[in-house]
Amino acid sequence: MFSRNHRSRVTVARGSALEMEFKRGRFRLSLFCDPPEDTELQRKLDHEIRMREGTCKLLAACSQREQTLEATKSLLVCNSRILSYMGELQRRKEAQVLRKTGRRPSDSGPPAERSPCRGQVCISDLRIPLMWKDTEYFKNKGDLHRWAVFLLLQIGEHIQDTEMILVDRTLTDISFQNNVLFAEAGPDFELRLELYGACVEEEGALAGAPKRLATKLSSSLGRSSGRRVRASLETAGGSGSSPILLPTPAVGGPRYHLLAHTTLTLAAVQDGFRTHDLTLASHEENPAWLPLYGSVCCRLVAQPFCMTQPTASGTLKVQQTGELQDWVRVHGVLKGTNLFCYRQPEDTDTGEEPLFTIAINKETRVRAGELDQAAGRPFTLSISNQYAEDEVTHTLQAESRGALQSWMEALWQLFFDMSQWKQCCDEIMKIETPAPRKPPQVLAKQGSLYHEMVLSEPVTPGGPSEGLLLQDNAISAEIQAWLSSYSDR
């Protein structure tokens, strides 16, 4: 028996006891199906598996070095995402089993704990300094090696990567221009940063190896013997065959190695550049070793949703303590660290300035009004802020007891989010939208050369470019005549 129109199918043997229970209505098939979030995660897993199969076929067909490096990088990223998704699915399945074997919904238990809001985390301007030897960087001595490097970044089951960069001793640091954005993360996030690299052999270094070997042999064997060996080496190298004493190198795909890694948490979030320590995972004897300085400089920012999205809104009456003014009816919107008071709800969409703003920060005191006060204003709360030696208190009146409880719950939730996100709630940190990856090369324009040379901008009569236009038209006419005569042939 199958559940149609569902991603995960549950197979039940015909005539089994479980099928009889389904028919009797004692069980629902939906209890044995995956929840929507697990179905979405399974879809991502299937997508990465298909991507991995396609990447393997592409890697086998690659003939260029850059293509092979990119394909190998994509294969490593796919494998990492597959392992991450499989681990997350396993964790969710275990949590479902624990919930089913735990307390029943009818059992009384402690109330659910308050959970903080989610937010966006963005890391940008990544720079990793290099530490070359003086003889390599300043004197340009030794063999010139190149490395292909990229970064793998992970929060939870979400994995992203940067572009691949070729590095040699002419660079003082590795600079990644990507802005990596994680759309949803909690204040307890752990951003895992891993640097992978593969040593790229240069064709020039391989071509020059026989000549260097011949020079060493000619100097060590003597003048006459060395001359004969050198001639034989140069003859073998120039004929296109493999030189003697040097086996033909095996052609294989590049292999990326983990060079360094680190983990960044909420404590590293700051609206500016900071330097963090890297844990080096390779040594100088490793073929993929890269002289890293041991640190990474980046800008790590976070935007909690409570700072960018409204958490509560509704009609309020506001009065400032100590003033003999009447109650002001406003439309209140709690967003970030402010309670915006507008004249009417439409002002929030039109961009009108609010009548006034009440600050809500970590030092703000909120107190609910007593219910046994005057009958004219039974549902009130007070918000007090300290400015130097003066204390300013605003009294807010809600329309009903339920509205008052909703405002109090929104304020307490905001205070809890501030305590969890800490410095991220002091002010809104700017997050730049990540730039899209470099698109493939634009195809050549279709059409004749004549159509490509026509000016697109209009030219006014008597203007400074009118003569140029007449000259270009004459040249275009000659080209068009030549193309016509060539087509007649």
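In this text the structure is predicted, and so the values were computed from the model without any measurement.

Trainee: Explain the packing of aromatic side chains to me, using residue names and the numbers behind them.
Mentor: A full pass over the atoms with the stated rule returns 4 aromatic pairs. Relative to Tyr196, the ring of Phe150 has its centre 5.7 Å away and its plane inclined at 15°; by these criteria the two rings are stacked. Taken together, the residues Phe150 in strand β2 (residues 146-155) and Tyr196 in strand β7 (residues 191-200) connect sequence positions 46 residues apart. Note on Phe150: relative accessible area 0%, which makes it buried. Three or more aromatic residues joined by ring pairs make a cluster, and in this case those are Phe150, Tyr196 and Tyr256. Its end group placed over the ring of Phe150, Lys73 keeps NZ or CZ at 5.3 Å from the ring centre.

Trainee: So what's going on with the pairing of strand β11 (residues 295-304)? Which residues, and what values?
Mentor: Among the 10 residues of β11, 9 are classified as buried, and the element is accordingly described as predominantly covered. Relative to β11, strand β9 (residues 273-277) runs antiparallel, the two being bridged by 5 bridges. Looking across to β11, one finds that Arg274 is bridged to Cys298.

Trainee: Help me get a handle on the nonpolar core, residues and values and all.
Mentor: In terms of nonpolar packing, the biggest core is built from 68 residues, with Ile123, Val149 and Ile174 touching the most fellow members. Broken down by element, this core gets its largest block of residues, 9 residues, from helix α9 (residues 401-421). Apart from residues no more than four positions distant in its own chain, Ile123 is found in contact with Leu153, Asn178, Asn179, Val180, Leu191, Leu193, Leu264, Cys298, Arg299 and Leu300. Of all hydrophobic cores here, the second largest spans 12 residues; its members include Leu69, Ala148, Met164 and Tyr256.

Trainee: An account of the sheet that holds strand β12 (residues 310-320) is requested, with residue identities and associated values reported.
Mentor: Ordered in space as β15-β14-β13-β12-β18-β17-β16, the 7 strands form an open sheet in which the pairing is antiparallel. The open sheet has two edge strands, β15 (356-359) and β16 (365-368), and neither has a second partner. Direction aside, neighbouring strands of the sheet carry axes that sit 35° apart on average.

Trainee: Give me the pattern of salt bridges: which residues, what numbers.
Mentor: Counting across every chain of the model gives 16 salt bridges. Residue Glu184 pairs with Arg118 through a salt bridge whose shortest N-O separation is 3.5 Å. Note that Glu184 is positioned in strand β6 (residues 180-185) and Arg118 in the loop between α3 (65-101) and β1 (119-129), a separation of 66 residues in sequence. Taking relative accessible area as the criterion, Arg118 reaches 37% and is therefore assigned partly exposed. The partner of Asp426 in a salt bridge is Lys362, and the shortest N-O contact between them spans 3.5 Å. You can see Asp426 sitting in the loop between α9 and α10 (449-453) and its partner Lys362 sitting in the loop between β15 and β16, a full 64 residues away along the chain.

Definitions and cut-offs
Residues numbered from 1 in each chain as written. Predicted model: local features only at pLDDT ≥ 70, side-chain atom pairs only at ≥ 80, totals over all residues. Heavy atoms only, no water. Phe/Tyr/Trp six-rings, centres within 6.5 Å; stacked < 30°, edge-to-face > 60°. Helix = DSSP H or I, 4+ residues; strand = E, 2+ residues; numbered from the N terminus. Buried < 20%, exposed > 50% of the residue type's maximum accessible area, 1.4 Å probe, protein only. Lys NZ or Arg CZ within 6 Å of the ring centre and 35° of its normal. Pairing = 2+ DSSP bridges. Core = buried A, V, L, I, M, F, W, Y, C linked by side-chain atoms within 4.5 Å. Contact = heavy atoms within 4.5 Å. Axes fitted to C-alpha atoms, helices over the stretch in contact; angles between N-to-C directions. Salt bridge = Lys/Arg side-chain N within 4 Å of Asp/Glu carboxyl O.

These values are about where atoms sit, not about what they do.
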